[in-house]
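Residue strings, one per chain:
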Amino acid sequence: MIRSKREIVTTKIATYLVLILCSIFSFFPFLWMISTALKPDTEIYSTTPSFFSSNFSLTNFVEVLEESDFLTFFKNSFLVSGITTVIGLVIAVLAGYSLSRFGRYRVVRLSGMSLTLSQMVPGVLLLIPIYMIFKTFGLINSYLALILAYSTFVIPLSTFMMKGFFDTVPLSLEESAELDGASRLRTLVQIILPVSIPSLVSTGLYTFVTAWNEYMFGYVLINDVAHRTLTPGITLFRGQFTTDWGNLMAASVLAVIPVTIIFVFFQRYLISGLMSGAVKG
């Protein structure tokens, strides 16, 4: 049955209206957070809250940057997330390539199954064992503790993301390189990785954002300010009896900005990378 032009237009309008409403619903909390960060304390704690204000100022942002350890938390998060991303990508590329090209071997299939099973274990169940292991080796309150913990959780899914892409790469590319005398590692580095940039970017973004937003392990494994990361560090704006909502919202806005900028600049790579392994052929 052929749909009329009027039905098609009506369907499009309804679709866009639903998408607009969903976008407003999703984006409104972030707008409220920005609004609160720009308000003076008298309006934040008012019994009649309002979205707009005639006294918007950057006071809360200045206090967060100058009177707290926010910049230390920011630096720590960037350092830990960056190193975790590099380690996660290197291991994910090698493991994903192995699962894709050597899946005929039983040990490789068992390794892939082990990675799948590891995703079924909630991270909170591993908190105490990991803490005891790190305490035994003297890694508590160190960057290495966070890097190892975060890498443990991002590598399985990152590996399957890379495997999904490698499955779509024609074997003829590698066979041509082998005929020219290239080794397996050289083929991977010079032939496969250059065409894997979208998948590498999407996997790297997943790894970075996961490490950047992690709270539980950052809160338990780090007890000193010098090594505390951003997410657990923001909770310091909450006291036992009071909460500095202005500074808390300002710190939250500043914490979101780097991830937002990364997604804006790498959005096209992220979408193509996620879709590259969805359809084989």
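Just so you know, these numbers come straight off a predicted model, no measurement behind them. (Residues numbered from 1 in each chain as written. Predicted model: local features only at pLDDT ≥ 70, side-chain atom pairs only at ≥ 80, totals over all residues. Heavy atoms only, no water.)

J.: Before we move on, could you go through the packing of helix H8 (residues 171-179) against helix H9 (residues 184-192) and cite the residues and values that matter?
T.: With their axes 10 Å apart at the nearest point, H8 and H9 run at an angle of 125 degrees to one another. The angle between H8 and H9 falls in the class oblique. Judged by the sense of rotation from one axis to the other, the crossing of H8 with H9 is right-handed. Side by side, H8 and H9 meet where Leu 173, Glu 174, Ala 177 and Glu 178 of the first sit next to Arg 184, Thr 187, Ile 191 and Ile 192 of the second. Tallied by class, residues from the contact of H8 with H9 come to four nonpolar, one polar and three charged. (Axes fitted to C-alpha atoms, helices over the stretch in contact; angles between N-to-C directions. Helix = DSSP H or I, 4+ residues; strand = E, 2+ residues; numbered from the N terminus. Parallel < 35°, antiparallel > 145°, perpendicular 65-115°, else oblique. Left-handed = near helix turned anticlockwise from the far one by under 90°. Contact = heavy atoms within 4.5 Å. Nonpolar A, V, L, I, M, F, W, Y, C, P; charged D, E, K, R; others polar.)

J.: Pulling in residues and values, what's your account of a nonpolar patch on the surface?
T.: On the surface, Leu 79, Ile 83, Val 86, Ile 87, Val 90, Ile 91, Leu 94, Leu 185 and Val 189 cluster together into a nonpolar patch covering about 710 Å² of accessible area. When residues of the nonpolar patch are traced back to their parent elements, those giving at least two are helix H4 (70-101) and H9. Considering the arrangement of structural elements, one finds Val 189 in helix H9. (Patch = residues over 30% accessible without salt bridge, like charges linked within 9 Å, V, L, I, M, F, W, Y side chains within 5 Å. Areas by Shrake-Rupley, 256 points an atom, 1.4 Å probe, with all protein chains shown as cover. Salt bridge = Lys/Arg side-chain N within 4 Å of Asp/Glu carboxyl O.)

J.: Could you give an account of the pattern of salt bridges, naming the residues involved and the relevant values?
T.: The full count for this structure, using the stated rule, is one salt bridge. One salt bridge connects Asp 167 with Lys 163, and the closest N-O pair in it is separated by 2.9 Å. The exposure class of Asp 167 is partly exposed, given its relative accessible area of 24%. (Buried < 20%, exposed > 50% of the residue type's maximum accessible area, 1.4 Å probe, protein only.)

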